[in-house]
Amino acid sequence: MSDLNLANDFPPSTDEAWQALVEKGLRGSDFATLIKSTEDGLPRGPLMTADDLPEGLAALGRTDMPLLEGRAWHIAAPVRDPDLARANRQLLEDLKGGASAVRIEAGATLKDRNDLKRLLEGVYTDLVPLQFAPNSENAARFAMALSIKDLQTAHLQIGLGPLEDANTVQAALSDCPENWRLMSLAPSDVHEAGGTEVQALSVMAASLAESMRRHGVDAMCRHLSIDLSTDRDAHLTITKFRAARRLILRIAEAFGGDGSNIPLHAVTSGRMMQRTDAWTNLLRIMSAGFGAVIGGADVITIRPFTDGLGKATPFAHRIARNMQLLMMEESHLGQVTDAAYGSYWHEHMTDALAQAAWAKFQDIERIGGVETYLNSDTYSSDLATAQGDRDARAEPILGVTLHSAEGVKVPEVRA
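Predicted model, so just to flag it, every value in this text is computed and none were measured.

> Talk me through the overall build of the protein chain; I want residue IDs and the actual numbers.
When you go through the protein chain residue by residue, the secondary structure sums to 14 helices and eight strands. Sorting the 415 residues of the protein chain into buried and exposed places 50% on the buried side. Relative to all contacts within the protein chain whose residues are 6 or more apart in sequence, the contacts with residues 24 or more apart total 78%. Put simply, the protein chain shows about 19700 Å² of open surface, and 51% of that area lies on carbon and sulfur atoms. Taking the average location of the 40 positive side-chain charges in the protein chain and that of its 56 negative ones, the two points are 7 Å from each other.

Below, the structure is given as structure tokens:
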């Protein structure tokens, strides 16, 4: 067998030669038809090479989360049923079925500490991290949790807004149990309101900077977690999470801190869910979950695929958690630290998103900061523009405008 020298035995390739082959394959179509861009106008191909790699590449690791027991990330069970007995049964089923964390959402009705105890009955709270999803009820929930002895040693994310609940945060910092995190940012809200990746990342950056000014960098790095949406565009999601990690580290560094301990919680997009042929949501949430895993999310919540139709059945919850188990235990995703590290396309797009979000963050700072921006007509206009551009693109929606089918059985939901 002859020796083959890959470096010397093949002629060097050039962009011009590649483009000539592409144009031949297009058979007269315009090369420009291959040039795509993100909703923020960032070019995403068709070709990235080593020349597109940004300077100073570095792998972006996950946060060292508690109670992982060898897993790469936590599978968080969403708890949202107002019927506490039903919510508790579903929670226990999720934990028995492979979930490793709990995300208590706004739909779970908690009037007092006894309701919280009922919800968590049978849960080994010393072994399972708990999170209150960011919402306006969390100041009251903090008081409930603080009054329950068994939760004093639990790993609990309270989900207080560092700006909205600033007074509660300041009062709680001195006597917060050791394993609790007090604060959460939710740039996922920008996504659900119709925002783009850059808009969500820039609001995250501006909120983080203002929160560090308000509470200090050490408190934020110790007590903060961040919710980010993950959607069906898996590869763009990978770069979105990597860009978020870069922004967090850079802002914390500017304040003299280390942001590597701030976890990212991925929640699959609600706005991408379809009511028509809801079975196709299975593809959407799987793609979204994949993007979050490879992007380096520390905790992932996958919505039941019937969320666009109504309350999820145990079957829909089981499918949601099993998707993560398939990625974790059969595909072994997450075993490589930052699997996108060094990829021409992913590195280029990570840098492009980070740079664009940084520029928008600076604009927000110039007009008075994130609170001024979010309450301004500019923010509303930005969201409206993003949604208008999205509508104008009219990208195909699987099962709705692409490969639609007649007579598809509607998945079961609870009344």
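That covers the picture; the talk isn't over yet.
> How would you sum up the environment of Phe-315? Please name residues and give values.
For Phe-315, the position within the fold is in helix 11 (residues 314-330). Exposure remark for Phe-315: the relative accessible area of 37% places this residue in the partly exposed category. When the C-alpha atoms of Phe-315 and Thr-378 are compared, they prove to be 43 Å apart, with 63 residues separating the residues in sequence.

> Before we move on, could you go through the pairing of strand 7 (residues 264-268) and cite the residues and values that matter?
Burial runs high along strand 7: five of the five residues are buried. Side chains Leu-264, Ala-266 and Thr-268 of strand 7 all project onto a buried face; the interleaved residues His-265 and Val-267 project onto the opposite face, where all are buried too. Where strand 6 (residues 224-230) meets strand 7, five bridges bridge the pair, whose relative direction is parallel. Paired with Ser-229 across the strands is Val-267, a residue of strand 7. Crossover connection from strand 6 via helix 9 (residues 234-254) to parallel strand 7: handedness right-handed. Summarising the sheet, strand 7 and strand 8 (residues 299-301) pair through three bridges and their orientation is parallel.

> I'd like to hear about the sheet that holds strand 3 (residues 130-132), residue by residue, with values.
Spatially, 1-2-3-4-5-6-7-8 is the arrangement adopted by the eight strands of the closed barrel, whose pairing is parallel. Each strand of the sheet is rotated relative to its neighbour by a mean of 30 degrees, with strand direction disregarded. Pairing between strand 1 (residues 74-79) and strand 2 (residues 101-104): four bridges, direction parallel. Directly across from Pro-78, in strand 2, lies its bridge partner Arg-103.

> Which residues make up the pairing of strand 5 (residues 181-185), and what values go with them?
For strand 5, the buried fraction is high: five of the five residues fall into the buried class. Here two bridges tie strand 4 (residues 156-160) to strand 5, and the two strands are oriented parallel to one another. Opposite Gln-157, over in strand 5, you have Arg-181 as the bridge partner. Assessed by its sense of winding, the connection that carries the chain from strand 4 through helix 5 (residues 166-172) to strand 5 is right-handed. As defined by bridge partners, strand 5 adjoins strand 6 across three bridges and the pair is classed as parallel. The partner of Ser-184 across the bridge, within strand 6, is Ser-225.

> So what's going on with the packing of helix 7 (residues 197-215) against helix 12 (residues 344-366)? Residues and values would help.
Orientation of helix 7 relative to helix 12, taken along the N-to-C sense of each, is 55 degrees, at an axis distance of 8 Å. One way to sum up the angle between helix 7 and helix 12 is to call them oblique. At the point where helix 7 passes helix 12, the crossing takes the right-handed sense. Contact residues: helix 7 offers Glu-197, Val-198, Leu-201, Ser-202, Val-203, Ala-205, Ala-206, Ala-209 and Arg-213, while helix 12 offers Leu-353, Ala-356, Ala-357, Lys-360, Phe-361, Ile-364 and Glu-365. In the contact of helix 7 with helix 12, the residues fall into eleven nonpolar, one polar and four charged.

> Explain helix 11 residue by residue, including any values.
Compared with the 24 Å implied by 1.5 Å per residue over 17 residues, the 22 Å span of helix 11 between its first and last C-alpha is a close match. Of the residues making up helix 11, those classed as buried are Ala-316, His-317, Ile-319, Ala-320, Arg-321, Met-323, Gln-324, Leu-325, Met-327 and Met-328. Buried residues along helix 11 sit against strand 1, helix 2 (84-96), helix 10 (281-295) and strand 8. Looking one or two residues past helix 11, His-332 carries a phi angle of roughly 60 degrees, positive in sign.

> Give me the side chain of Asn-281: which residues, what numbers.
Position of Asn-281 relative to the elements: it lies in helix 10. On the basis of relative accessible area, Asn-281 is assigned to the buried category, the value being 0%. Setting aside anything within four residues of it in sequence, one finds Asn-281 in contact with Met-272, Met-273, Gln-274 and Phe-305.

> Before we move on, could you go through helix 1 (residues 15-26) and cite the residues and values that matter?
Counting along an α-helix, one turn takes 3.6 residues, and residues three or four places apart therefore face a common direction. With twelve residues, helix 1 extends 16 Å between its outermost C-alpha atoms, agreeing within 8% with the 16 Å of an ideal straight helix rising 1.5 Å per residue. With its phi angle positive at about 55 degrees, Arg-27 sits one or two positions after the end of helix 1.

> Describe the pattern of salt bridges, naming the residues involved and giving the relevant values.
A complete count under the given rule lists 27 salt bridges for this structure. A salt bridge links Glu-192 to Arg-303; the shortest N-O distance between them is 3.7 Å. Taken together, the residues Glu-192 in helix 6 (residues 188-192) and Arg-303 in the loop between strand 8 and helix 11 connect sequence positions 111 residues apart. Given the relative accessible area of 32%, Glu-192 is considered partly exposed. Lys-360 serves as the salt-bridge partner of Asp-382, at 2.8 Å between the closest nitrogen and oxygen. Placement of Asp-382 in helix 14 (residues 377-393) and of Lys-360 in helix 12 is noted, with a sequence separation of 22 residues between them. By sharing partners, the salt bridges in this structure join Arg-80, Arg-103, Glu-105, Glu-192, Asp-227, Arg-303 and Asp-307 into a single network.

> Describe the environment of Leu-383, and please don't skip the residues or the numbers.
Along the chain, Leu-383 falls in helix 14. With a relative accessible area of 12%, Leu-383 lands in the buried category. Sequence separation between Leu-383 and Gly-195 is 188 residues; the distance between their C-alpha atoms is 5.3 Å. With sequence-adjacent residues up to four places away left out, Leu-383 is seen in contact with Val-190, Ala-193, Gly-194, Gly-195 and Gln-199.

Scoring rules and cut-offs
- Residues numbered from 1 in each chain as written.
- Predicted model: local features only at pLDDT ≥ 70, side-chain atom pairs only at ≥ 80, totals over all residues.
- Heavy atoms only, no water.
- Helix = DSSP H or I, 4+ residues; strand = E, 2+ residues; numbered from the N terminus.
- Buried < 20%, exposed > 50% of the residue type's maximum accessible area, 1.4 Å probe, protein only.
- Contact = heavy atoms within 4.5 Å.
- Areas by Shrake-Rupley, 256 points an atom, 1.4 Å probe, with all protein chains shown as cover.
- Lys, Arg positive; Asp, Glu negative; His and termini not counted.
- Charge placed at Lys NZ, Arg CZ, Asp CG, Glu CD.
- Pairing = 2+ DSSP bridges.
- Right-handed = clockwise from strand over helix to strand, strands pointing away.
- Axes fitted to C-alpha atoms, helices over the stretch in contact; angles between N-to-C directions.
- Parallel < 35°, antiparallel > 145°, perpendicular 65-115°, else oblique.
- Left-handed = near helix turned anticlockwise from the far one by under 90°.
- Nonpolar A, V, L, I, M, F, W, Y, C, P; charged D, E, K, R; others polar.
- Expected span 1.5 Å × (residues − 1).
- Salt bridge = Lys/Arg side-chain N within 4 Å of Asp/Glu carboxyl O.

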